[in-house]
Amino acid sequence: MDFGTEFKPVTVQPQEIEGLSFQMITEELGEHSFSSLEYPIVQRIIHASADFELGRSLVFHPGAIEAGIHAMLQGKPIIADVRMVEAGIAKERIQRYGGEVRVHISDPDVVDEAKALGTTRAIIATRKACAQAPGGIYVIGNAPTALLELIRLVKAGEAQPGLVIGMPVGFVSAAESKDELRKLDIPYITNIGRKGGSTIVVAAVNALSLLAVRRAAGELG
């Protein structure tokens, strides 16, 4: 294959590209304190972002990975804050165990209630999800207001998430919402600072689902 430049790629085989990428990530990241179950999440997030600072800023509740694997294998739903997150999740692995990906941000009843109350659709969508999906995995990459509302509902005893993957990106309340999440004693995966986004939380979910598949196959302790 002629790329029309002097530079030639090391390989054009997808699996080889991914393998080489993971090897480079491990070498460049160097020593770290992540556990053997946490590191695949970190690695996938760095792979998706090419951002080692973001990878190093990840914070895991001690029970996060086991809680996420358990929820997936129990067929608990994954609730995404926006369609972009839903689109990126590898649904076949979720559906294998009876789960599904839900997103309520554009539901007509959510849109109408948000307008009537003068608040964000993300807040109303979070309330709807919490009422319908106890034990679900909540995945928030874009809307800090969704994460803050989820935290409020948890504190009020109105939400019982199986796992929260909360890494909204932005300048207004993004870092602060993650700070509040880390104060809760519930399973969570988050990061410190403003960085985050759809591709980041998608990478975390997809890495977690791969761990779930390995656990179901008896490959993980």
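Above this text is the structure in question.
Residues numbered from 1 in each chain as written. Predicted model: local features only at pLDDT ≥ 70, side-chain atom pairs only at ≥ 80, totals over all residues. Heavy atoms only, no water.

> Please provide a residue-by-residue account of the overall build of the chain, values included.
Helix and strand counts for the chain stand at 11 helices and 6 strands. On C-alpha atoms alone, the chain measures out to a radius of gyration of 18 Å, which is about the 17 Å that the 2.2 N^0.38 rule sets for 221 residues. With the C-alpha coordinates of the chain rotated into their principal frame, the extents come out at 60 × 40 × 30 Å. Taking all 221 residues of the chain together, 50% fall into the buried category. Taking all contacts inside the chain whose residues are at least 6 apart in sequence as the whole, residues at least 24 apart take part in 65%. (Helix = DSSP H or I, 4+ residues; strand = E, 2+ residues; numbered from the N terminus. Rg over C-alpha atoms; globule rule 2.2 N^0.38 Å. Buried < 20%, exposed > 50% of the residue type's maximum accessible area, 1.4 Å probe, protein only. Contact = heavy atoms within 4.5 Å.)

> Kindly report on the sheet that holds strand 1 (residues 58-60), identifying the contributing residues and their values.
Across the sheet, which stays open at both edges, the 6 strands sit in the order 1-6-5-4-2-3 with mixed pairing between neighbours. Whereas interior strands pair on both sides, the edge strands pair on one side only; in this sheet they are strand 1 and strand 3 (101-102). Against the sheet, helix 10 (residues 174-181) makes contact with strand 5 (163-166) and strand 6 (188-191), and its axis sits at roughly 145° relative to strand 6, the strand it touches most. (Pairing = 2+ DSSP bridges. Axes fitted to C-alpha atoms, helices over the stretch in contact; angles between N-to-C directions.)

> Outline the packing of helix 9 (residues 144-155) against helix 10, listing residues and values.
Axis separation between helix 9 and helix 10 bottoms out at 9 Å; the angle between their running directions is 25°. Looking at the two axes, helix 9 sits roughly parallel to helix 10. The two elements helix 9 and helix 10 cross, and the hand of that crossing is left-handed. Facing Pro144, Leu147, Leu148, Ile151 and Lys155 of helix 9, the residues of helix 10 in contact are Ala174, Ser177, Lys178, Glu180 and Leu181. Class assignment for the residues of the contact of helix 9 with helix 10 results in 6 nonpolar, 1 polar and 3 charged. (Parallel < 35°, antiparallel > 145°, perpendicular 65-115°, else oblique. Left-handed = near helix turned anticlockwise from the far one by under 90°. Nonpolar A, V, L, I, M, F, W, Y, C, P; charged D, E, K, R; others polar.)

> Describe the pairing of strand 4 (residues 137-140), listing the residues and the values that go with them.
Here strand 4 shows two buried faces, one formed by Ile137 and Val139 and the other by Tyr138 and Ile140. Across 4 bridges, the pairing between strand 4 and strand 5 is parallel. Paired with Ile140 across the bridge in strand 5 is Gly166. For the segment spanning strand 4, helix 9 and strand 5, crossover handedness is right-handed. (Right-handed = clockwise from strand over helix to strand, strands pointing away.)

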